[in-house]
Amino acid sequence: VVTSLRLPNVASLSSSPVTVLTAKEIQNTNSTSLAHLLSSASGLFVKDYGSNSGLKTIAQRGLGPEHTLVLINGMRASTPQLGLMDLGLFSADEIDRVEILHGGNSASFGSDAVAGAVNVLTQPAMNAPTVRAFSSVGSFGYRQFQLSGGVSDESVALRGSYREEKGEEDFPFVFRNGNERFDLVRQNSDFLSRSGTLQTSLAITP
């Protein structure tokens with residue numbers, strides 16, 4: 001009989017290596033998504049299946065993405081069917097801290113945590129109404145827009161965000177093979193991604 005309890009533990013006393021990305025470190029990376037943020041973390045490999053619009057997953061210790069469990073505020077976010085999560089759909093603007101547990105933790109989390117687990121902690125609700133907007137542009141028609149904010153009172157807090165990212169990646173290019181030159185056009189590479197989050201909390205007092 002194998003029994004495991006999810007009890008709070010200090011990172012320095014953990015039997016497996018632990019990496020914590022703080023809010024300040026996240027801000028300094030200028031990442032736009034969870035995938036971009038984790039690509040700078042040690043011990044993780046982000047698999048990108050096609051520019052900004054492609055599926056983005058993580059792998060570690062030579063195992064597939066289905067063997068690293070992704071949690072959002074301690075709740076399982078990996079799909080039950082494939083054990084994957086598209087990390088490119090989660091905005092980095094909503095992340096307060098990331099806890100990365102390297103090494104097998106199947107006893108605590110299940111068979112999809114053979115390689116480890118990643119716990120993403122979102123931004124807490126603000127005590128005062130807040131609004132934040134961010135936009136960026138780039139080559140090939142790249143556009144990005146993010147809007148987030150929240151309101152709260154003594155008993156209820158609400159925080160939400162919206163993110164839109166698109167690009168026109170159909171463009172001509174030159175391919176050279178020795179002395180041969182080919183004028184080609186990259187086609188069917190335009191993308192449009194929209195995502196939103198909503199977080200609520202309710203305080204009940206007797």
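Report follows, based on the coordinates. Keep in mind the model is a prediction, meaning the values are calculated, not measured.

Considering the pairing of strand β9 (residues 143-152)
Alright, step 1. As paired elements, strand β8 (residues 130-137) and β9 share eight bridges and run antiparallel to each other. From the neighbouring strand, Phe134 faces β9, where its bridge partner is Gln146.
Alright, step 2. Adjacent in sequence and paired antiparallel, β8 and β9 are bridged by five residues, among which Phe140 carries a positive phi angle near 55°.
Alright, step 3. As paired strands, β9 and strand β10 (residues 156-167) are joined by 10 bridges and run antiparallel to one another. In the sheet register, Ser152 faces β10, and the bridge partner there is Ala157.

With respect to the side chain of His102
Alright, step 1. You can see His102 is positioned in strand β6 (residues 95-102).
Alright, step 2. Classification of His102 as buried rests on a relative accessible area of 8%.
Alright, step 3. Here Thr19 takes part through its side chain, which lies 3.0 Å from a polar atom of the side chain of His102.
Alright, step 4. A distance of 3.0 Å separates the side chain of His102 from the side chain of Gln60, its partner in a polar contact.

A short note on the pattern of salt bridges
Alright, step 1. For the structure on display, the rule yields four salt bridges.
Alright, step 2. Note that Arg163 is salt-bridged to Glu165, the shortest N-O span being 2.7 Å. With respect to burial, Arg163 and Glu165 carry one shared label: buried.
Alright, step 3. Measuring nitrogen to oxygen at the nearest pair gives 3.1 Å for the salt bridge that ties Asp183 to Arg181.

Conventions adopted
- Residues numbered from 1 in each chain as written.
- Predicted model: local features only at pLDDT ≥ 70, side-chain atom pairs only at ≥ 80, totals over all residues.
- Heavy atoms only, no water.
- Pairing = 2+ DSSP bridges.
- Helix = DSSP H or I, 4+ residues; strand = E, 2+ residues; numbered from the N terminus.
- Buried < 20%, exposed > 50% of the residue type's maximum accessible area, 1.4 Å probe, protein only.
- Polar contact = N/O pair within 3.5 Å; in protein donor to acceptor, adjacent residues only side chain to side chain.
- Salt bridge = Lys/Arg side-chain N within 4 Å of Asp/Glu carboxyl O.

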